[in-house]
There are 2 protein chains.
Amino acid sequence: MNYTYLTNIPLDEARESFLKMIAEKCEFLGEELVPIAEATGRLLSRPVYAAISAPHFHASAMDGVAMLARDGFGATETTPVTLKNYTVVDTGDPVPADCDCVVMVEDIIDDDGVLKIAQPPVPWQHVRQIGEDICAGEMAFPSYTMMSPSALGVLISCGVTKVWVVKKAKVGIIPTGDEIVAPKADPAPGEILEFNSTIFSGMVREWGAEPVVYPIIPDKLDLITETVVKAAEECDFVLLNAGSSAGREDFASTAIGSAGEVLIHGIAIRPGKPAILGRVGTTPVVGVPGYPVSGVIVLEELVRPALNAIAHLPAKNKVMVPAVLSRKVNSPLKYEEFIRVSLASVKGKLIATPLSKGASVISSFAKADGLMVIDQNTEGLNAGSEIMVEALRPMNQILNTIAAIGSHDPLFDEVSNFINRRYPGLYLSSTHVGSMGGINAIKRGEAHVAGIHLLDEADGQYNLSYLRTHFPNGGVKLMRGVGRLQGFMVQKGNPMGIKGVEDLTREGMRYVNRQKGAGTRILLDYLLKQKGMKAEDIYGYEREEFTHLSVAAQIASGSADAGLGIYSAASSYGLDFIPVCVEQYDILMDEEFVASPLFDAFASIIRSKEFEDRLTELGGYTFTDTGKMVEYRD
Amino acid sequence: MNYTYLTNIPLDEARESFLKMIAEKCEFLGEELVPIAEATGRLLSRPVYAAISAPHFHASAMDGVAMLARDGFGATETTPVTLKNYTVVDTGDPVPADCDCVVMVEDIIDDDGVLKIAQPPVPWQHVRQIGEDICAGEMAFPSYTMMSPSALGVLISCGVTKVWVVKKAKVGIIPTGDEIVAPKADPAPGEILEFNSTIFSGMVREWGAEPVVYPIIPDKLDLITETVVKAAEECDFVLLNAGSSAGREDFASTAIGSAGEVLIHGIAIRPGKPAILGRVGTTPVVGVPGYPVSGVIVLEELVRPALNAIAHLPAKNKVMVPAVLSRKVNSPLKYEEFIRVSLASVKGKLIATPLSKGASVISSFAKADGLMVIDQNTEGLNAGSEIMVEALRPMNQILNTIAAIGSHDPLFDEVSNFINRRYPGLYLSSTHVGSMGGINAIKRGEAHVAGIHLLDEADGQYNLSYLRTHFPNGGVKLMRGVGRLQGFMVQKGNPMGIKGVEDLTREGMRYVNRQKGAGTRILLDYLLKQKGMKAEDIYGYEREEFTHLSVAAQIASGSADAGLGIYSAASSYGLDFIPVCVEQYDILMDEEFVASPLFDAFASIIRSKEFEDRLTELGGYTFTDTGKMVEYRD
């Protein structure tokens, strides 16, 4: 278990060594002959020369008569020439071999069946000559051209029916780990669902390769080694996917090393540092870390360039966009760090907000709009830094996304769903940072809207006094949201007999709280203050969750006895619920957003009957003036 | 045959009416349940809620012991606490239900088998709690989310094994035309190879739909109508692909109108104006013009938005880049015009050069880097105009493309092929405008390199004096190219007994010439002048071709008896060749290009043995100082 990373080699250096090893010791992909109907998206392995010209015959470009231009020389209005040798042609018809021009039907004088012309034709007028588009023998496409649908049209038109293309790389993916199980709906505790091979398969397929997923191999060195050797024989590239436990990589490294060569073990990137680069025979092998986010980075940064190299594909076209960083980001000097961000276009600037750094949090990867990289030897970046971000979603979608950052309520997920349904191409993303976090996000120009439910202990009112304090000069608008029933979520049947806040300090009681700045936590503090109770007397006060549902999940799992939250969360987990109050959950908005068409879409959803119906279905919501704009200043 | 376009409706208006008709009278795609392994690239038709939490159990984040934090309260260095109820865990192991924290193995004191801790643990330390990534009941993705590989990972991790997705649209493609034949290698004169359905199939497949190609239907109204009705029943969208002859669209319009409704016939775009928008029953039907370039524009501008609408897909993400127009472009006020351009990054600017406007010239579409649009009601744009261009190739490829514009020689195709082979991700594009055209392209900053072979009649020398005249102040460099054998290409066996230029004016002789500004034409003019001959005495002097190969193609087809050109072109068509002279074919280069890494790649190819070998194989080339830089100024 005394695991040490063998090296901490900078990413560029590691990639370069790996590509050099591949160039020297591994095999490039072969070629295969495919019918052109199957060639879209494939890369030519040889140049293609036109077999026939396009067009392949002299074709009339007009309806009229084909003739020899020489025969019409001297024709004038006063001395028309009578045509003797001619052929009537329609557009597209072949021009006979003894003709070299076409006279349009409009220019023919029909004198009782005798055809005449009154001006001399120019040789080759109105004829699409052989090879106008491409000539037989001409190189239609050089080697390593990617075949597009139009390119296939060119190939057909120059008589080519089959082309030599680079073979698709077979990428063997080997999942390993005693606790890893195939995807299922009801895993037992301790079982880890094997989703990496699905993610990796999708990625390599997007890159033009063909994934071959091997059965899950238990943590046994001989079995792993055996499978790596087999995969290296059967495939052009192998990904050995270690489990997520520390120390497991030892097997991967030993297996690759004993069957072939470990070139590098340990790279100065985060996530992804325990990656292994090597080969077995002439097949490149990469030991991919088990955490999915680490794995994705290793695939993007190391596997893709190597696959491109053996397939002769050009580098990925990264779409880099300038953005402003919304928060300070710390980064260790030791690593080059890859940080997923959400992107929002607010007040005309693209704002990048870092998402969770957790290597296990794959959902943030699926939801990320962009990827920022902090160089090795950089300690981090301050809020407001101008950075370049790689866009991971199409820019037109990013620019049409409403960014909601603030208090968590499932209603934002429902709004997002309704917006997607009603306005194709318009999106809503939501991030949960609590009500105070939402106010700060709006203040910093990171978000368009923020859900807030902040109780003013002085007057028992919600939200208004906070806005007067934080936005004395305006710049924001407030939309009335919903009334939310808050209360204590407890185990089904309420075995601890909890009646209210005064029961939370009881011996043996385990509470689960929300994070600092969350309106629900502020509500708890208010309740404690009213009763003269102390936070430190509650076991679990410091146990923080970020959403109502995650509080409910902890209680449902039996690891806590009570937590404050909304009715719908309790209901979704079948928990009992002791109501405490109905609070006002409103929506704070940037003023410029309110003037944009995005607002109209957003407001139309909030004010819709289907939205109210859906929340009613979830339960615990009331609707008074929902969707109405409220003035917060006196 | 008196064909009239019914209308000239602006594109935006036509598209809007079409989408309105679809929304009101057509059917949206249904949904289907697919296993998640098949869901990549599919669009969710319903929101997905997490079935289980991820992680679905409390997992240890460290190797150590799991315990109840409460049991360790009060532990200090001087008063360590002895552990009684604990479980040894590895990273990833489930934390037992009666434990709520993990103490790292490093913080455990092993006192002869009795375990102690010297500081109190914090509840939930080193535990990945249930739902850290996503909670059961949480909306994992809203409706109409596109499934990426990472998204599938999220679905697996929250216990989802199947998802509802929007069905793939079936797009029926009906090729029509008496003269249209299935792709083959040896079409007879008059036969037109059917490549549109291959192009259209590839396009709709790229857009996530499934093409269904019907057999070619002859030009018979009843058969066409019958097939349209059948396709409208079997598919979700129908493309009726008219032939290329004028008047043929009448059938399409009548067929659609009699089976359903013609909404619009005739749109103010070029190419693409005779498009038909309509429906048969609840299925949208588009009559697509026969010329491939027109068809591609109609598919991009009208079919794609309509397919997106029935599939609920967002609009295409067009990558628009600013560029400078290299030439004046005229455009009729009547139409919105789509012009394919090549893009080259020269002297730090992106230069857009319009390609052939011919609607039949599919090769220029396959080679286009970008698409510019000239609005209806705009008469055209001047050279130097700053325009926005839609990039059709990835920008990293465009920026790594060497732009060659100038005299035609197949050697540029060979260089392109070698560059692609040796430098993945580096490209060369070449355009044939003749030597003088090449000099002008370099002058205007449109190209990096230009092949030139310009004979100075005064001294019989090549190229140098032209450069002294056109670039007196430098800014360019000249690289010695190859010696090229020029001569008269004549029919096999030389049936006309041509010995030299003096035979060209003979009775019955048909010449084929090169375009104005081509070095080869200048050479002919020089030969004529030497002999005191007149151009107007040569039949076909005005017949212009743009490449050596197309001159050869005309002679090989029997439509001309002689043309001046290079040996390799004659040889490739099996023509006889009467040598005239060896000329100096050099490469003119922009000075800034010579200082760039692109030059190094280019020069390494020109100076390589494989390049010399390949040209030797083609024949007619000599190599003296090939690849050497030459000073042209005194």
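Position numbers for residues start from 1 in each chain and track the written sequence from start to end. For this description, chains carry letters from A and ligands carry numbers from 1, given in the order in which they are written. Thresholds applied to this predicted model are a pLDDT of at least 70 for local features of residues and 80 or more for the giving and counting of side-chain atom pairs; totals over whole chains, interfaces and linings are not thresholded and use all residues. The side-chain values count all of the structure's non-hydrogen atoms but skip hydrogen atoms and water molecules.

Q: Can you walk me through the overall build of chain A in this structure?
A: Helix numbering and strand numbering both begin at the N terminus, where a helix is a DSSP run of H or I of at least 4 residues and a strand a DSSP run of E of at least 2. Helix and strand counts for chain A stand at 17 helices and 38 strands. Only C-alpha atoms enter the radius of gyration; for comparison, a globular chain is expected to reach 2.2 Å times N to the power 0.38, where N is the number of residues. In terms of C-alpha radius of gyration, chain A reaches 35 Å, well past the compact-globule figure of 26 Å for 634 residues. Partly exposed describes any residue whose relative accessible area lies between the buried limit of under 20% and the exposed limit of over 50%, with all areas from a 1.4 Å probe on protein chains only and scaled to the type maximum. Out of the 634 residues belonging to chain A, those deemed buried represent 59%. Any two residues having at least one pair of non-hydrogen atoms within 4.5 Å are treated as being in contact. Look at the contacts in chain A between residues 6 or more apart in sequence, and 76% of them connect residues 24 or more apart.

Q: What is the right way to look at the interface of chain B and chain A in this model?
A: By a frequent convention, interface size equals the accessible area lost on bringing the separate parts together. Facing 108 residues of chain B, the contacting portion of chain A comprises 106 residues. For the chain B and chain A pair, buried surface summed over both sides reaches about 8700 Å², with 58% attributable to carbon and sulfur atoms. Of all residues in chain B, B:Arg70, B:Ile156 and B:Tyr539 bury the most surface against chain A, accounting for 8% of the area lost on that side. Within this document, salt bridges are pairs made up of a side-chain nitrogen of Lys or Arg and a carboxyl oxygen of Asp or Glu, the two lying within 4 Å of each other. Inspection of the region where chain B meets chain A yields zero salt bridges. Summed over both partners, the accessible area lost on bringing two parts together, with a 1.4 Å probe, is the buried area.

Q: Just checking my understanding: could you explain helix α16 (residues 597-606) of chain A for this structure?
A: Think of an α-helix as 3.6 residues a turn; residues three or four steps apart then line up on the same face. Burial runs high along α16(A): seven of the ten residues are buried. Of all the residues in α16(A), the buried ones are A:Leu598, A:Phe599, A:Ala601, A:Phe602, A:Ala603, A:Ile605 and A:Ile606.

Q: How should I be thinking about the packing of helix α3 (residues 196-206) of chain A against helix α6 (residues 292-311) of chain A in this particular structure?
A: Think of two packed helices as two axes; the pair is described by the angle between the axes and how far apart they sit. Residues and elements named next belong to chain A. Note on method: axes are straight lines fitted to C-alpha atoms, helices fitted across the in-contact stretch only, with angles between N-to-C directions ranging 0 to 180 degrees. At a minimum axis distance of 11 Å, the contact between α3 and α6 shows a crossing angle of 30°. Of the possible angle classes, the one that applies to α3 and α6 is roughly parallel. Seen along the crossing, α3 lies across α6 with a hand that is right-handed. On α6, the residues that touch Asn 196, Ile 199, Phe 200, Met 203 and Val 204 of α3 are Pro 292, Gly 295, Val 296, Leu 299, Glu 300 and Leu 307. In these notes the angle categories are as follows: under 35 degrees is roughly parallel, over 145 is roughly antiparallel, 65 to 115 is roughly perpendicular, and the rest is oblique. A clockwise turn of the near helix away from the far one marks a right-handed crossing, whereas an anticlockwise turn of less than a right angle marks a left-handed crossing.

Q: Help me out: how do you make sense of the relation of the copies chain B and chain A in this one?
A: The two chain copies are connected by a rotation around an axis plus a translation along it. Residues below a pLDDT of 70 in either copy are left out; the C-alpha atoms of the rest, at least 70 in both, set the least-squares superposition of the copies. Rotating chain B by 180° and translating it 0.0 Å along the rotation axis places it on chain A, where the RMSD comes to 0.2 Å. Expressed as an axis order, the relation between the two copies is that of a two-fold axis. In terms of C-alpha distance to the rotation axis, chain B has B:Val319 as its closest residue, with the C-alpha 4.9 Å off the axis. Most of the interface of chain B is mirrored in chain A, where 98% of its interface residues are also at the interface.

Q: Is there a simple way to explain the sheet that holds strand β8 (residues 108-111) of chain A in this structure?
A: What holds strands together in a sheet is hydrogen bonding between their backbones, with the strands either parallel or antiparallel. Residue and element names in this part refer to chain A. For two strands to be treated as a pair, DSSP must find no fewer than two bridges joining them. In space, the three strands of this open sheet follow the order β5-β9-β8, with antiparallel pairing throughout. The open sheet has two free edges, formed respectively by β5 (81-82) and β8, since each of these has just one partner strand. Summarising the sheet, β5 and strand β9 (residues 114-117) pair through two bridges and their orientation is antiparallel. Residue pairing in the sheet places Thr 82 in a bridge with Lys 116 of β9.

Q: Which parts of the structure should I look at to understand the pattern of salt bridges?
A: Should the charged atoms of two oppositely charged side chains come close, the side chains can pair. Here the structure, examined in full by the defined rule, presents 66 salt bridges over all chains. Linking A:Glu24 and A:Lys20 is a salt bridge whose minimum nitrogen-to-oxygen distance equals 3.5 Å. Of this pair, A:Glu24 and A:Lys20 are both found in helix α1 (residues 11-25), four residues apart, which corresponds to roughly one turn of the helix. Using a relative accessible area of 53% as the deciding quantity, one classes A:Glu24 as exposed. In this structure A:Lys20 comes out as exposed when scored by relative accessible area, which is 53%. A salt bridge links B:Glu191 to B:Lys184, with the shortest nitrogen-to-oxygen separation between them at 3.0 Å. Residue B:Lys184 is classed as partly exposed on the basis of its relative accessible area, which comes to 30%. Residues participating in the shared-partner salt-bridge network are A:Asp12, A:Arg15, A:Glu301 and A:Lys318.

Q: Can you help me understand helix α13 (residues 548-556) of chain B in this one?
A: Residue and element names in this part refer to chain B. Among the nine residues that make up α13, eight are buried, leaving the element largely enclosed by the rest of the structure. In this fold, the buried residues of α13 make contact with β32 (476-490), β33 (513-514), α12 (519-531), β34 (544-545), β35 (562-566) and α14 (567-572). Phi turns positive, to about 90°, at Gly 558, one or two residues after α13.

Q: Quick question: what am I supposed to make of the sheet that holds strand β17 (residues 237-241) of chain B here?
A: Residues and elements named next belong to chain B. The mixed open sheet is built from six strands, whose spatial order is β16-β13-β17-β21-β20-β18. The sheet terminates laterally at β16 (210-213) and β18 (261-265), the two strands that pair on one side only. The average angle at which neighbouring strand axes cross in this sheet is 20°, direction not considered. Of the strand pairs in this sheet, strand β13 (residues 170-175) and β17 are connected by five bridges, and their pairing is parallel. The residue bridging Gly 172 from the neighbouring strand is Val 238, located in β17. Where helix α3 (residues 196-206) meets the sheet, its contacts fall on β13, β16, β17 and β21 (283-288), and the angle it forms with β16 comes to roughly 160°.

Q: Can you walk me through the pairing of strand β21 (residues 283-288) of chain A in this structure?
A: Where a strand is regular, its side chains alternate between the two sheet faces. Residues and elements named next belong to chain A. With six of six residues buried, β21 is to be regarded as a mostly interior element. Bridging between strand β17 (residues 237-241) and β21 involves four bridges; their strand directions are parallel. Bridged to Asn 241 within β21 is Val 288. In this structure, strand β20 (residues 276-280) lies alongside β21, joined through five bridges in antiparallel fashion. In the strand pairing of β21, Val 280 is matched with Thr 283.

Q: Could you clarify how one ought to interpret the pairing of strand β24 (residues 336-346) of chain A in this entry?
A: Residues and elements named next belong to chain A. Taking burial as the measure, the eleven residues of β24 include ten buried ones, the bulk of the element. Of the strand pairs in this sheet, β24 and strand β25 (residues 349-354) are connected by six bridges, and their pairing is antiparallel. The residue bridging Val 346 from the neighbouring strand is Lys 349, located in β25. As consecutive antiparallel partners, β24 and β25 are separated by two residues, and within that stretch Lys 347 has a phi angle of approximately 50°, a positive value.

Q: Help me understand the packing of aromatic side chains, please; the structure alone is not making it clear to me.
A: Aromatic ring pairs are reported here in terms of the distance separating the ring centres and the angle at which the planes meet. Residue and element names in this part refer to chain B. Ring geometry is summarised as follows: Phe, Tyr and Trp rings, the Trp one being its six-membered ring, pair when their centres sit within 6.5 Å, and such pairs are stacked at plane angles under 30 degrees, edge-to-face over 60 and tilted between the two. Per the counting criterion, the structure on display carries ten aromatic pairs over all chains. Ring geometry for Tyr 567 versus Phe 577: centroids 5.4 Å apart, planes at 90°, classification edge-to-face. With a gap of ten residues between them, Tyr 567 in helix α14 and Phe 577 in strand β36 (residues 576-590) connect regions that are remote in the sequence. Classification of Tyr 567 by relative accessible area gives partly exposed; the value is 32%.

Q: I would appreciate a short explanation of the packing of helix α9 (residues 411-422) of chain B against helix α17 (residues 609-618) of chain B in the present structure.
A: Residues and elements named next belong to chain B. Put simply, α9 and α17 touch, their axes get as near as 11 Å, and they point 145° apart. The handedness of the crossing between α9 and α17 comes out as right-handed. Here Leu 411, Glu 414, Val 415, Phe 418 and Arg 422 of α9 come into contact with α17, specifically with Glu 610, Phe 611, Arg 614, Leu 615 and Leu 618.

Q: Which parts of the structure should I look at to understand unusual backbone geometry?
A: For residues that are not glycine, phi is negative in most cases, and the peptide bond is trans in most cases. A:Ala54 connects to A:Pro55 through a cis peptide bond whose omega is -5°. With respect to the secondary-structure elements, A:Pro55 resides in the loop between β2 (48-49) and β3 (59-60). Not every positive phi belongs to a glycine, and B:Asn377 is a case in point at roughly 70°. Among the structural elements, B:Asn377 can be located in the loop between β26 (370-374) and β27 (380-381).

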